[in-house]
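The lines below spell out each chain.
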Amino acid sequence: MDTVVTSLFVKSKKRSIWLDQIRRDRRVPNLGFRIAFILAADAGRDNAISERLVEFADRVGVAPESLLRAVDRLSRLGYVTFQRGKYKAPCRIQISKRPAPNSVTPS
């Protein structure tokens, strides 16, 4: 049986540091890290994803309610900003420009 090796790509050093902070923060659940990883890999130059909530939840592999809870947690911790779209409009999840308060900084 052959082993498949997949390279994961994060677009910038700042995003890598941001993602590492989230990985080290014990207050962030596993789902929160999964969402952060997708955001770090797929966000555009504006550091944001604009996508319908249902479609993003499908991409992450969870129910929309679970996605909302995890994004709300990341938002309350200061890692992202979240704007919910109106009916059938895309929501916007953006990487915060400032470091999260009380986050663990990489050593």
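Residues numbered from 1 in each chain as written. Predicted model: local features only at pLDDT ≥ 70, side-chain atom pairs only at ≥ 80, totals over all residues. Heavy atoms only, no water.

Caption draft 1: Spotlight on the side chain of R15. Structurally, R15 can be placed in helix α1 (residues 13–24). This buried residue, R15, is left without a salt bridge; D46 holds the nearest opposite charge, at 6.3 Å. A polar side-chain atom of R15 sits 3.1 Å from the main-chain carbonyl oxygen of A43. (Helix = DSSP H or I, 4+ residues; strand = E, 2+ residues; numbered from the N terminus. Buried < 20%, exposed > 50% of the residue type's maximum accessible area, 1.4 Å probe, protein only. Lys, Arg positive; Asp, Glu negative; His and termini not counted. Salt bridge = Lys/Arg side-chain N within 4 Å of Asp/Glu carboxyl O. Polar contact = N/O pair within 3.5 Å; in protein donor to acceptor, adjacent residues only side chain to side chain.)

Caption draft 2: Here's a closer look at the pattern of salt bridges. Evaluated as defined, the whole model comprises eight salt bridges. Two residues, D25 and R27, come together in a salt bridge whose shortest N-O distance is 2.7 Å. We classify D25 as buried; its relative accessible area is 5%. Among the salt bridges present, the one from D42 reaches R59, with a minimum N-O distance of 2.5 Å. Separated by 17 residues along the polypeptide, D42 in helix α2 (residues 30–42) and R59 in helix α3 (residues 53–60) bring together distant segments of the chain.

Caption draft 3: Looking closely at α3. Residues of α3 that are buried: L53, F56, A57 and V60. The buried side chains of α3 occupy one side of the element, clustering within an arc of 100° when seen end-on. The elements touched by buried residues of α3 are α2, β1 (48–51), α4 (64–76) and β3 (91–95). G61, located one to two residues past α3, shows a positive phi value of around 90°. (Arc of directions from axis to C-beta. Contact = heavy atoms within 4.5 Å.)

Caption draft 4: Structural context of the environment of K97. With respect to the secondary-structure elements, K97 resides in the segment after β3. Classification of K97 as exposed rests on a relative accessible area of 79%. Note: C-alpha distance between K97 and N47 (50 residues apart in sequence) is 9.0 Å.

Caption draft 5: Representation of the layout of surface pockets in the model. Counted as a void, the second largest pocket has a volume near 200 Å³. Taken together, R52, L53, V54, P64, R84, G85, K86, Y87, K88, A89 and C91 make up the lining of the second largest pocket. Its residues assigned to classes, the lining of the second largest pocket comprises six nonpolar, one polar and four charged. (1 Å grid on protein atoms, 1.4 Å probe; cavity = no way out; pocket = protein on both sides within 12 Å on 5 of 7 lines; lining within 4 Å. Points joined across faces, edges and corners; volume = space filled by probe spheres on them. Nonpolar A, V, L, I, M, F, W, Y, C, P; charged D, E, K, R; others polar.)

Caption draft 6: Region of the structure containing the environment of A40. Turning to its location among the elements, A40 is positioned in helix α2. Residue A40 is classed as buried on the basis of its relative accessible area of 0%.

Caption draft 7: View of the nonpolar core. W18, I35, L39, F56, V60, L67 and Y79 are the most contacted members of the largest nonpolar core, which totals 27 residues. Secondary-structure elements contributing two or more residues to this core are α1, α2, α3, α4 and β3. At six residues, the largest contribution of residues to this core is made by α2. (Core = buried A, V, L, I, M, F, W, Y, C linked by side-chain atoms within 4.5 Å.)

Caption draft 8: Representation of the side chain of Q94 in the model. Within the secondary structure, Q94 is located in strand β3. Using a relative accessible area of 19% as the deciding quantity, one classes Q94 as buried.

Coordinates in, geometry out; function isn't part of it.
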